[in-house]
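The lines below spell out each chain.
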Amino acid sequence: MKNLKNGVAVITGGGSGLGKALAHAAVSRGMKVVLADVQAKALEQTLEELRALGAEAIGEVLDVTDATAVEALAERAETHFGPANLVFNNAGVASAGLIWESTEKDWKWLFGVNVEGVANGIRAFTPRMLAAASADADYQGCIINTASLAGVLTGPAMGVYSVSKHAVLALSECLFHDLALLTRQVQAAVLCPSYVATNIGQCYRVRPSQWANSEGPTRSQMATAAISQNNLDSGSLTADQVAETTFKAVEQGKFYIFPTDEVHGLLKHRFDRILESANPDLPYEQTPFLQDRRKRLIEALAD
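Residues numbered from 1 in each chain as written. Predicted model: local features only at pLDDT ≥ 70, side-chain atom pairs only at ≥ 80, totals over all residues. Heavy atoms only, no water.

*Asks:* Sorry, what's going on with the overall build of the protein here?
*Replies:* Tallying secondary structure elements over the protein gives nine helices and seven strands in all. Going through the 303 residues of the protein one by one, you find that 49% of them count as buried. Long-range contacts, defined here as pairs at least 24 residues apart, represent 73% of the contacts in the protein between residues at least 6 apart. Summing over all exposed atoms, the protein offers an accessible surface of approximately 14700 Å²; the carbon and sulfur share of this is 53%. If the 26 positive side-chain charges of the protein are averaged to one point and the 33 negative ones to another, these points end up 2 Å apart. (Helix = DSSP H or I, 4+ residues; strand = E, 2+ residues; numbered from the N terminus. Buried < 20%, exposed > 50% of the residue type's maximum accessible area, 1.4 Å probe, protein only. Contact = heavy atoms within 4.5 Å. Areas by Shrake-Rupley, 256 points an atom, 1.4 Å probe, with all protein chains shown as cover. Lys, Arg positive; Asp, Glu negative; His and termini not counted. Charge placed at Lys NZ, Arg CZ, Asp CG, Glu CD.)

*Asks:* I would appreciate a short explanation of the sheet that holds strand S3 (residues 57-61) in the present structure.
*Replies:* Within a sheet, adjacent strands bond to each other through the backbone by hydrogen bonds, running parallel or antiparallel. Strand order in the open sheet formed by seven strands is S3-S2-S1-S4-S5-S6-S7, with parallel pairing between adjacent strands. The sheet is open, and its two borders are formed by S3 and strand S7 (256-257), each paired with just one other strand. Relative to strand S4 (residues 86-89), strand S1 (residues 8-12) is paired through three bridges, and the arrangement is parallel. Within S4, the residue paired with Ile11 across the bridge is Phe88. Strands S1, strand S2 (32-37) and S3 of the sheet are contacted by helix H3 (residues 67-81), whose axis makes an angle of about 165° with S3. (Pairing = 2+ DSSP bridges. Axes fitted to C-alpha atoms, helices over the stretch in contact; angles between N-to-C directions.)

*Asks:* Mind showing me how you'd approach the packing of helix H1 (residues 17-28) against helix H2 (residues 40-52) here?
*Replies:* Two quantities define a packed helix pair, namely the angle between the helix axes and the distance between the axes. At a closest axis distance of 11 Å, the pairing of H1 and H2 adopts a crossing angle of 20°. It follows that H1 is roughly parallel to H2 by the angle criterion. Note that H1 runs across H2; the crossing there is right-handed. Each of Lys20, Ala23, His24 and Val27 in H1 lies in contact with H2, whose residues at this interface are Thr46, Glu49 and Leu50. Tallied by class, residues from the contact of H1 with H2 come to three nonpolar, two polar and two charged. (Parallel < 35°, antiparallel > 145°, perpendicular 65-115°, else oblique. Left-handed = near helix turned anticlockwise from the far one by under 90°. Nonpolar A, V, L, I, M, F, W, Y, C, P; charged D, E, K, R; others polar.)

*Asks:* Help me understand the pairing of S3, please; the structure alone is not making it clear to me.
*Replies:* On a regular strand, one side chain projects to one face of the sheet and the next to the other, so that they alternate. The sheet contact formed by S2 and S3 spans five bridges and is parallel. Opposite Asp37, over in S3, you have Val61 as the bridge partner. In this fold, the crossover linking S2 to S3 by way of H2 has right-handed handedness. (Right-handed = clockwise from strand over helix to strand, strands pointing away.)

*Asks:* I keep staring at unusual backbone geometry and nothing clicks. Help me out?
*Replies:* When glycine is set aside, most residues are seen to have a negative phi, and most peptide bonds are trans. Of note, Asn6 is a non-glycine position whose phi angle comes to about 70°, a positive value. Of note, Asn6 is situated in the segment before S1. Owing to a relative accessible area of 54%, Asn6 belongs among the exposed residues under this scheme.

*Asks:* Can you help me understand helix H4 (residues 104-135) in this one?
*Replies:* An α-helical turn contains 3.6 residues, so any two residues separated by three or four positions project in the same direction. When the terminal C-alpha atoms of H4 are compared, their 45 Å separation across 32 residues agrees well with the 46 Å that a helix rising 1.5 Å per residue should span. The largest bend along H4 measures about 40° and falls at Gly112. (Expected span 1.5 Å × (residues − 1). Bend = angle between axes of the 7 residues up to and from the residue.)

*Asks:* Sorry, what's going on with the packing of H3 against H4 here?
*Replies:* Between H3 and H4, the least distance of the axes is 8 Å, while the angle of their chain directions is 30°. Judged by the inter-axis angle, H3 sits roughly parallel to H4. Two packed elements cross with a definite hand, and for H3 against H4 that hand is right-handed. Here Ala67, Val70, Glu71, Leu73, Ala74, Glu75 and Glu78 of H3 come into contact with H4, specifically with Asn120, Gly121, Arg123, Ala124, Phe125 and Arg128. Grouping the constituent residues of the contact of H3 with H4 by class yields six nonpolar, two polar and five charged.

*Asks:* How should the packing of aromatic side chains be read in this particular structure?
*Replies:* All told, the structure shown has four aromatic pairs when counted by the stated rule. A centroid spacing of 5.4 Å and a plane angle of 40° characterise the contact between Phe88 and Phe247, whose relative ring orientation is tilted. Taken as a pair, Phe88 in strand S4 and Phe247 in helix H7 (residues 239-251) lie far apart in primary sequence, 159 residues in all. Neither residue differs from the other here; Phe88 and Phe247 are each classed as buried. The interplanar angle of 35° and the centroid separation of 5.9 Å between the aromatic rings of Trp107 and Phe111 together place this pair among those described as tilted. (Phe/Tyr/Trp six-rings, centres within 6.5 Å; stacked < 30°, edge-to-face > 60°.)

*Asks:* How do you make sense of the pattern of salt bridges when you look at a structure like this?
*Replies:* Opposite charge on two side chains makes pairing possible when the charged atoms of those side chains draw close. Under the defined criterion, the tally for this structure stands at eleven salt bridges. The closest approach of N and O atoms between Asp272 and Lys268, which form a salt bridge, is 2.8 Å. Remark: Lys268 and Asp272 occur in helix H8 (residues 264-275); sequence separation between them is four residues, near one turn of the helix. One connected set of salt bridges, linked through shared partners, spans Glu71, Glu75, Glu78 and Arg128. (Salt bridge = Lys/Arg side-chain N within 4 Å of Asp/Glu carboxyl O.)

*Asks:* Looking at this model, I keep getting lost on the nonpolar core. Mind explaining?
*Replies:* Grouped burial of nonpolar side chains is what soluble globular proteins tend to show. Counting 52 residues, the largest nonpolar core has Val10, Val34 and Phe125 as its most contacted members. Listing elements by their share of this core, those giving two or more residues are S1, S2, H3, H4, helix H5 (159-180), strand S6 (186-191) and H8. In terms of residues, this core owes the most to one element, H4, which gives ten residues. Excluding residues within four positions of it along the chain, Phe125 makes contact with Val10, Leu73, Ala74, Ala84 and Val87. (Core = buried A, V, L, I, M, F, W, Y, C linked by side-chain atoms within 4.5 Å.)

Here it is as structure tokens:
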């Protein structure tokens, strides 16, 4: 996709963090934007920022787990601006700790947002994008799903989050294969960032009451939350940098989007272990932040 000017970008989780950065990157390329977020105040603030820059921007407060609401978002976006060119299924939440300590409600909340939310976006927008491609030989579209480095790698106390992001990666690859059966005009991509300075560590604030646990977090969950927040705060990349890298990758037609080359060694290590039928492992000695994370977890659980 070489020319995005005057195109339409739809972004879930667009009120803050990476979604907000993606919105600014879209506007800088002359795109119209449609944002969705579960937080009304954050959404309105971002829309005001974008409009102050002269952007054409609309928004919708919604929960991506509501398939009917996501379908209505697709209808409103197309009615207002025309067919979407870029759809960022970006909304996500996080949880961690020892995996057997995750409750049924933890599993349902994370999978509802991280997996079903992406599936709802794919189901609502893909048929419309295919119809646009059939009607216009010059139309180009791409669906970009936000997974995570945790969707390719596993590690201690990454829990339900890692499982859900592995599902997003598989879902995105399946979408890529299925689209290839029908057209080259609509593509798919998957974004796999590592620690980025966003507020995902505070996502518990928007956890619906029906998925709230009756008991407080366990020791491993509290320790992991604190360690993860520290990793997020000291992330080597900003949300704006990740957004810019993402757009450049989309413009170049890339499917796998890793915002930094630093993770390539970790990826190779994992797949080498698989091919060797070796047990799961992480190269802690060569990766200071993983080594520190593991050490702090062991110390917290030993107290």
